[in-house]
Amino acid sequence: LPLMEEAGSDKSMEEKTPGVTSRSLLSFEASEVDDESVSRRVLSITDLTRLLNEQVRTLEETQESLQNSYPGRQPAKLISVAEAGICVLCCHSMAVCSAYFSSLQYIEEMLENQLVAAIGKRVTSDDLGQFIKYHNANILDPAPRPFCHAIRRPEHYPEGILSIENSDEKTEPIETHVREVQGLPALRVPLNAATTIELTGSTYLHGWLNHRFRDASTAFQLIGRARQFSSFMLVVGTMGGGNRMQPKDAIILQNKDEIKIPLLLNEIPTAKEFKDAIESLSPEQQRFAKAYRSMQLEGSVLGIVVIQIKPQLENLLGLPHDALTKEIQLTQDLMELFVEYQVPSDLLSYDGENSEATTKEKVENVKGNVQSVLNAIKDCKTKQLESQVMATDMAIEKHLHGKPKLSNDCLERNARPGSSHFRHSFRHSVKIAPLIAPRKKERMRMMDVCDLVGSHNSTPKAKKQEISDDALEISNDALDWLGSNEAVDDFDNDLPLELGSCMMEKTSAKQSKLRDDASPEKSEETPVPPKGKAAVPFGSTSEDTMDFTAIPKFLDKAIEKYDKDSALRSTTIKTSDRWSRCHQESLLSKPETTVLNSNDIKSEKDKAFDLLDALSRSGSLPIAYSDLHVIVCVTHCFEKMVMETVIEDNINPIEKLEMSTLLVASTIHGVPAQNLVADSNDRARLVSSFPALLEAPQSPAT
């Protein structure tokens, strides 16, 4: 590039370059350019010098004209030639800056047009993401795989699918670096302070590299789909030390259910940004910030557990393998008994004395046990219903026989056919009407009830006695009618004072007692997870546990060492409090999509935990058919859009993402980064681009 220097420093420049005089302030030195084609595409040194000297000449002429137009420096004058000269120089500087930015914008637009013409389109973040998937599949071994896993037993049809997908129209699954971790002890998941279940299934470690540009607003969601006549359980939480997981949400999926759980990604500042931010703090404040950042990194590991229900039911009930595969109704009844009624598994399990019984005989034995429990529940419901009906009938009869006695006029008014006062006389008994609502009886028309009561009008005394007897017979149907919306709409506010006071005084105490007996309050203890064992660093060969929470810390140190741009950020993953569920009530109905709020999510979690408690026999029976997916997420952040990053910052985002991919893959797989590159040519190219990472003697994680 030509260099600018003061005038007069090189006398030969004035002789070689026409137009350069002793008054010139600026001049260029000729630089040696070997390529003649380059020298022809730029302005010559002579032309550049003439342009700059013309600028100096015009400024001098303007200064001379200002001296003729404005007075010299005088204390009495507000504006002199000095102030005018400053204004001219400021305006000229603004014009130069505007021309400079316009020139840069013109050059950038020209380069962008050339790049678009060469590629054929404007590259967006989605286009770059598609290219990175294709690129990683070609250069890496093992390559990243889509996070879309079939929930199945060996040699069985899948029960469902679990995936993490983006929320745009394409809904493609994300790709992660996945590694199956073997030889680990059972995963411990606390359900409450008294129960901790153990999962002995497979464990998969995932490394998710997400990239974000300024124009990108991609949202992700965890999706679980169950097939018809299939069921499984989904548990989401945060991994803790000592091979434990703290569950946050859980749900049971069955019979073509589909759940969509939005995922919230929160980026943590890089290690360099963190150190710069706490540099001026006190030692106490720095220790507090470091402790909190350590907690953030440990809490950024997401755990997803999938539990298959049928094989665990077989193990719980003492049935052979695959005994419940074709027992659809029996499986549904078992889940209902465990979730809705919390029936102990000892009442349902196989209790035969013949150890050599066939699978069919054992299943029939369990079916008999299930049917016995269902019959007992049905009888209990019938007795409770009859007792509530009897209590309702007794309450109404006491109301009609109670004091003060009603006058003849009052009885006649309330016994007229279609009278609203008769319907209103049962107003204070409506609180106990819902107790008998489940009883499917044929309702008697209210007009017939009024006619029946109105027919007993021979004498006042006889009328009162017969009204009570007939009211006792029709009280069930009357209260059924009162429990409907039609009866509520027919209530009037002109109840006679005598009848109203009689009903109010006699029923308030008894109705309160019945209502309290019908809905007893249940006290729930707050689950307090038990404390885990001491953490073991990631990569250790301990026989007790593997600490997944140490992976983000290890990865954070590797990022600080190799990422000089501070673009890689550790990311926490949390679930949203608004889910979307698609549920089909029956085979003939259409699927309906509903939104689950926080209360609905809490209810689904309680149902899932009740079933887990039953399947594990309160933690004493390990669950073998389960899959644990541990996800560690890192986000590569670009400050601008794709085209702006390439044109304005002169940065190749593909090379930056290559280095980030190698960092994450090396940490997840536990091998040196250079061993992950499949082709030797690509390895040589990457070594020249990232020598510190690929020429390292050992892997970042072992």
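Residues numbered from 1 in each chain as written. Predicted model: local features only at pLDDT ≥ 70, side-chain atom pairs only at ≥ 80, totals over all residues. Heavy atoms only, no water.

1. Focus: the overall build of the protein
Part 1 of the reasoning: A tally of regular secondary structure across the protein gives 22 helices and 18 strands.
Part 2 of the reasoning: Counting across all 702 residues of the protein, residues that qualify as buried make up 40%.
Part 3 of the reasoning: Here the contacts in the protein between residues at least 6 apart in sequence split such that 75% fall between residues at least 24 apart.
Part 4 of the reasoning: Per element, the accessible surface of the protein, about 39,400 Å² overall, is 52% carbon and sulfur. (Helix = DSSP H or I, 4+ residues; strand = E, 2+ residues; numbered from the N terminus. Buried < 20%, exposed > 50% of the residue type's maximum accessible area, 1.4 Å probe, protein only. Contact = heavy atoms within 4.5 Å. Areas by Shrake-Rupley, 256 points an atom, 1.4 Å probe, with all protein chains shown as cover.)

2. Examining the nonpolar core
Part 1 of the reasoning: By size, the foremost hydrophobic cluster in this structure holds 74 residues, and its most contacted members are Leu334, Leu348, Leu611 and Leu612.
Part 2 of the reasoning: With residues near it in sequence (within four places) discarded, Leu611 still touches Met233, Ile252, Ile309, Met335, Phe338 and Val339.
Part 3 of the reasoning: Of all hydrophobic cores here, the second largest spans 26 residues; its members include Phe147, Ile164, Ile174 and Ile251. (Core = buried A, V, L, I, M, F, W, Y, C linked by side-chain atoms within 4.5 Å.)

3. Thoughts on the pairing of strand 8 (residues 196-199)
Part 1 of the reasoning: Both strand 7 (residues 187-190) and strand 8 contribute to a ladder of four bridges, which runs antiparallel. Within strand 8, the position partnered with Arg188 by the bridge is Glu198.
Part 2 of the reasoning: From the end of strand 7 to the start of strand 8, which pair antiparallel, there are five residues. (Pairing = 2+ DSSP bridges.)

4. Here's the deal with the pattern of salt bridges
Part 1 of the reasoning: Applying the stated rule across the entire model yields 28 salt bridges.
Part 2 of the reasoning: One salt bridge connects Arg57 with Glu61, and the closest N-O pair in it is separated by 2.3 Å. Placement of both Arg57 and Glu61 in helix 3 (residues 45-69) is noted, with a separation of four residues, approximately one turn of the helix.
Part 3 of the reasoning: For Arg57, a relative accessible area of 36% puts it in the partly exposed group.
Part 4 of the reasoning: Looking at Glu61, the relative accessible area reads 41%, which means it is partly exposed.
Part 5 of the reasoning: One salt bridge in this structure joins Glu658 and Arg685, with 3.2 Å as the shortest N-O distance. Of this pair, Glu658 sits in helix 20 (residues 653-669) while Arg685 sits in helix 21 (residues 680-689), and the two are 27 residues apart along the sequence. (Salt bridge = Lys/Arg side-chain N within 4 Å of Asp/Glu carboxyl O.)

5. Details of the environment of Asp547
Part 1 of the reasoning: Residue placement: Asp547 occurs in the loop between helix 16 (497-518) and helix 17 (550-562).
Part 2 of the reasoning: For Asp547, a relative accessible area of 5% puts it in the buried group.
Part 3 of the reasoning: Taking the C-alpha atoms as reference points, Asp547 and Gly242, 305 residues apart in sequence, are found 5.9 Å from one another.
Part 4 of the reasoning: Within polar-contact distance, the side chain of Asp547 engages the side chain of Thr549 at 2.4 Å. (Polar contact = N/O pair within 3.5 Å; in protein donor to acceptor, adjacent residues only side chain to side chain.)

6. Concerning the pairing of strand 15 (residues 568-575)
Part 1 of the reasoning: Among the eight residues that make up strand 15, seven are buried, leaving the element largely enclosed by the rest of the structure.
Part 2 of the reasoning: Here strand 13 (residues 258-267) pairs with strand 15 via five bridges, running antiparallel. Each residue of the ladder has a partner; that of Leu264, found in strand 15, is Lys574.

7. Topic: the packing of helix 8 (residues 309-317) against helix 18 (residues 598-615)
Part 1 of the reasoning: Put simply, helix 8 and helix 18 touch, their axes get as near as 10 Å, and they point 40° apart. Our classification of the angle between helix 8 and helix 18 gives oblique. Taking contact as the criterion, the partners of Ile309, Gln312, Leu313 and Leu316 in helix 8 are, on helix 18, Leu611, Ala614 and Leu615.
Part 2 of the reasoning: The residue inventory of the contact of helix 8 with helix 18, partitioned by class, reads six nonpolar, one polar and no charged. (Axes fitted to C-alpha atoms, helices over the stretch in contact; angles between N-to-C directions. Parallel < 35°, antiparallel > 145°, perpendicular 65-115°, else oblique. Nonpolar A, V, L, I, M, F, W, Y, C, P; charged D, E, K, R; others polar.)

8. Considerations on helix 9 (residues 328-339)
Residues that lie three or four places apart on an α-helix share one face, since the helix turns once every 3.6 residues.
Part 1 of the reasoning: For helix 9, spanning 12 residues, the distance from its first C-alpha to its last is 17 Å, which sits close to the expected 16 Å at 1.5 Å a residue.
Part 2 of the reasoning: When helix 9 is considered as a whole, its buried residues turn out to be Leu330, Thr331, Asp333, Leu334, Met335, Leu337, Phe338 and Val339.
Part 3 of the reasoning: For helix 9, the elements touching its buried residues are strand 11 (231-240), strand 12 (244-254), helix 8, helix 10 (359-401) and helix 18. (Expected span 1.5 Å × (residues − 1).)

9. Some thoughts on unusual backbone geometry
Negative phi values dominate among residues other than glycine, just as trans dominates among peptide bonds.
Part 1 of the reasoning: A cis geometry characterises the amide bond from Asp141 onward to Pro142, with omega recorded as 5°.
Part 2 of the reasoning: Within the secondary structure, Pro142 is located in the loop between helix 5 (125-139) and strand 3 (145-146).
Part 3 of the reasoning: Of note, the phi angle at Phe229 is positive, near 60°, even though the residue is not glycine.
Part 4 of the reasoning: Tracing the chain through its elements places Phe229 in the loop between strand 10 (220-226) and strand 11.

10. Considerations on a nonpolar patch on the surface
Part 1 of the reasoning: A cluster of nonpolar residues, Tyr100, Phe101, Leu104, Tyr106, Ile107, Met110 and Leu111, forms a patch on the protein surface that exposes about 700 Å² of accessible area.
Part 2 of the reasoning: A relative accessible area of 37% means that Leu111 is categorised as partly exposed. (Patch = residues over 30% accessible without salt bridge, like charges linked within 9 Å, V, L, I, M, F, W, Y side chains within 5 Å.)

11. With respect to the environment of Glu198
Part 1 of the reasoning: Counting through the fold element by element, Glu198 comes out in strand 8.
Part 2 of the reasoning: Residue Glu198 is classed as partly exposed on the basis of its relative accessible area of 27%.
Part 3 of the reasoning: Once residues lying within four places of it in the same chain are set aside, the contact partners of Glu198 are Ala186, Leu187, Arg188, Pro622 and Ile623.
Part 4 of the reasoning: A polar contact is formed between the side chain of Glu198 and the side chain of Arg188, at a distance of 3.1 Å.

Without other data, these values stay purely geometric and don't point to any function.
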